[in-house]
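Inside the fold
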Amino acid sequence: MKPAPTLSTAFLHPAGQALPEPLLALRKQRGAALVDMPLPTRKTENWKYSSKYLKLTDEMASSLPINGKAGSALAVPGYKVVFINGMVIPEACEYPDLNNILIQRFGDLSDAEASELAERLDSTLDKKAVQLAGLNSARFEDGLVIRLKPDAVLDQPLFIIHEVTAGHSGSAFPRIFVDAGRNSKITLVEEYISSGQEAVMVNTVTEFNLAEGANVTNIRLSMDGENVQHIGATGVLQQRSSRFESHCVGFGGPLRRHDLQVRLEGEGAECKLNGVVVTQGTQHYDNHTTIEHVAPHCDSEETYRNIAADKSHAVFNGRIHIHQDAQKSNANMNNKNLLLNTGAEIDTKPELEIYADDVKCAHGATIGQLDEESLFYLVSRGISRREANVLLTMAFINELVAQIPVDAVKDTVQTHLNQFFDQTFQEA
Amino acid sequence: MLSIKNLHASVEGKEILKGINLEINAGEVHAIMGPNGSGKSTLAQVLAGNDAFDVTSGEVTLNGDNLLEKETEARARDGVFLAFQYPVEIPGVSNLQFMRTAVNSMRHHRGESEMNAAEFMKLAREVSKQVDLDPAFLKRGVNEGFSGGEKKRNEIMQALLLQPKLAILDETDSGLDIDALKVVADGVNALRSKDRGILMITHYQRLLDHIVPDYVHVLAEGRIVKSGGRELALELEDRGYGWLGIKDEATDADSALSNSAH
Ligand SMILES: Nc1ncnc2c1ncn2[C@@H]1O[C@H](COP(=O)(O)OP(=O)(O)O)[C@@H](O)[C@H]1O
Ligand SMILES: [Mg+2]
């Protein structure tokens, strides 16, 4: 039997050193774990559709050079942090001036703060299930800690713009850690964008810790360039009566992978996870989500929609795990998929594991095409076939787009959708 | 205006229309009656361009243009409108957005400027009043959760907005109570014009109490077996289809149902 492939040794060389000692130590330790980590192959259950797109070549191992010029990111209004190639660009950032909300770069942490952070990094993720988050932990060169003190409320969304300038091959490893104190509230927007055409990888980890009563909304907009492999993970730990809402909107690429893991650890916690994925050409997008109902009386609601055109491929794997003590759990998962061409493929798999007896759990998944009768009805009113296709495709995701709570993001999403429609539905 | 010559059409290899001939001139209202399953909706759908049906022979022209070679949307832009027997529910597309897109597609085709949201809203409110639909229906998904009668009024509303040259109304009267029937009939009468042809498909006489047709045709087993003036409808009302040699069990059963419902 062939031994499972492991990571190119190029990834095992130490990355940049401009971090406090405790974080360097953590990174080194995580790096050691990578040495014999088997890479996902098609036999790896949670990577079976995606492993063939994963290209962890030597070239990918080099960190992208830092280019201090923030491009389109600057146009974003309000609070923002700009990462370029995985490094925060301080002069492009606009931080809120509030004494109960601290936003710090990893590089600016004191040793004591860094040591506390090092203790907590990776704690929101199941490392076995999110193998490649370990790569980020071993190689991040910068990152952001966002701390909300109890009752702190951020009055406007905080945009975190991750831009990669793909003038060379290589990778970026941005990292975000959010600590939302008791009854605090924040809306955090992560936008992933790129300039340049080279093949690069963006390997991200974003972690949220929600204390009792905290309320976090996370919008994640994956609009990386056409040659970008994006492998991202989001981990969420929720304490009593906290609320987490996520809106993940993604456009396809050579490889897009997002793992979202939510642990409802305190009674009465709730999460709402919305997702929209749009793929075309030969793109590939893979969403894996896990909701762990650990404590009783928690609610989860998950709604994901995939739209695949041409010969593209979208994957949704939604796991709900209701632990033995999680009585009175209420879990709803709904995944609908739209194939716009016969050459497109969508794979969906709900996975339910329920160990408590008094729970409400509903799930549904469908795969279909645009409805011919509806199309006929629309064109019989003089509406062009192109417009009819757009109306029906939008109808499929309208509800989720409408729920995105930040108008500027909604507009960006619509602009990207319109580009997709222009490319997908030609005028007859 | 509309000229149908020896039209044959089939669905899934089964011939449904077996040689239809019909001429409709501008300003005329024609009624087509006939038992269930005789091919009335098939005729309507074929005229609108539903490619689930195959036209195997025959000719259809609208003002001299070959209608059959045109796409559905082109027919609509040339002025063909079909009020569906079973209007389609489209959740996620608002009725307002749907109707505005339709009106603007037509305007665009005629080289007119598009109506903005506010202008269209004003127009849509007026027309919805005309068909007695609460403007709240504009915000709902297209036909989503509408009752049978609301769907029919929504169809008439679209006809009034689009002002077609040829309006084909497929059982727009069925499933309506007396009040709704009156509203629909008023709508159809409002559509009557010297420039417009109307083809009303019905299998009850009662709509014809409100809309007096110029011609009545009886369709049976894919053929027009009898044509006449309005008195033909009255005769059918009195005598049923039997005297024409048509099996009309379905119709009898249906009439019985409709009588008991009212
Ligand atoms: N899409 C279809 N597929 C198969 N058969 C159909 C279809 N549409 C209509 N038919 C058949 O064609 C015949 C005529 O139907 P239709 O035109 O709906 O009649 P009417 O409107 O007069 O009641 C019926 O026998 C019906 O079953
Ligand atoms: Mg019919």
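Residues numbered from 1 in each chain as written. Chains lettered and ligands numbered in written order. Predicted model: local features only at pLDDT ≥ 70, side-chain atom pairs only at ≥ 80, totals over all residues. Heavy atoms only, no water.

**Some details on the interface of chain A and chain B**
Taken together, the contact pairs 18 residues of chain A with 32 residues of chain B. Of the roughly 1900 Å² buried at the junction of chain A and chain B (both faces included), carbon and sulfur atoms supply 63%. Considering only the side of chain A, the residues that lose the most area to chain B are Phe 376, Tyr 377 and Arg 381 of chain A, jointly responsible for 42% of the buried surface there. Where chain A packs against chain B, one counts three salt bridges. Two residues, Arg 385 of chain A and Glu 73 of chain B, come together in a salt bridge whose shortest N-O distance is 3.2 Å. Between the two partners, chain A and chain B, sit nine residue pairs in polar contact (both at pLDDT 80 or more). Listing elements by their share of the side of chain A that touches chain B, those giving two or more residues are helix H5 (372-379) and helix H6 (385-403) of chain A. Split into classes, the residues belonging to the side of chain A that touches chain B amount to eight nonpolar, five polar and five charged. (Contact = heavy atoms within 4.5 Å. Buried area = accessible area lost by both parts, 1.4 Å probe. Salt bridge = Lys/Arg side-chain N within 4 Å of Asp/Glu carboxyl O. Polar contact = N/O pair within 3.5 Å; in protein donor to acceptor, adjacent residues only side chain to side chain. Helix = DSSP H or I, 4+ residues; strand = E, 2+ residues; numbered from the N terminus. Nonpolar A, V, L, I, M, F, W, Y, C, P; charged D, E, K, R; others polar.)

**Side note on the packing of aromatic side chains**
Evaluated as defined, the whole model comprises nine aromatic pairs over all chains. Considering the side-chain rings of Tyr 377 of chain A and Phe 84 of chain B, the 4.9 Å spacing of their centres and the 75° angle between planes classify their relative orientation as edge-to-face. In this pair, Tyr 377 of chain A is assigned in helix H5 and Phe 84 of chain B in the loop between strand S6 (80-83) and strand S7 (90-94), connecting two distinct chains. Assessed through its relative accessible area of 0%, Tyr 377 of chain A is described here as buried. Both rings, one in Tyr 377 of chain A and one in Phe 98 of chain B, keep their centres 5.5 Å apart while their planes meet at 25°; by these two values the pair is stacked. Of this pair, Tyr 377 of chain A sits in helix H5 while Phe 98 of chain B sits in helix H3 (residues 95-109), placing the two residues on different chains. Here Phe 98 of chain B falls in the buried class, since its relative accessible area comes to 0%. By the ring-pair criterion, three or more aromatic residues cluster together here, those being Phe 376 and Tyr 377 of chain A together with Phe 84 and Phe 98 of chain B. (Phe/Tyr/Trp six-rings, centres within 6.5 Å; stacked < 30°, edge-to-face > 60°. Buried < 20%, exposed > 50% of the residue type's maximum accessible area, 1.4 Å probe, protein only.)

**A closer look at the domain arrangement of chain A**
Residues and elements named next belong to chain A. Domain boundaries in chain A define domain 1 (16-369) and domain 2 (371-428). Once you take the C-alpha centre of each, domain 1 and domain 2 turn out to be 27 Å apart. If you look at the interface, domain 1 gives 30 residues, while domain 2 gives 19 residues. Summed over the three residues of domain 1 that lose the most area to domain 2, namely Phe 251, Gln 280 and Arg 305, the buried surface amounts to 21% of that side. (Domains from an automatic or database assignment.)

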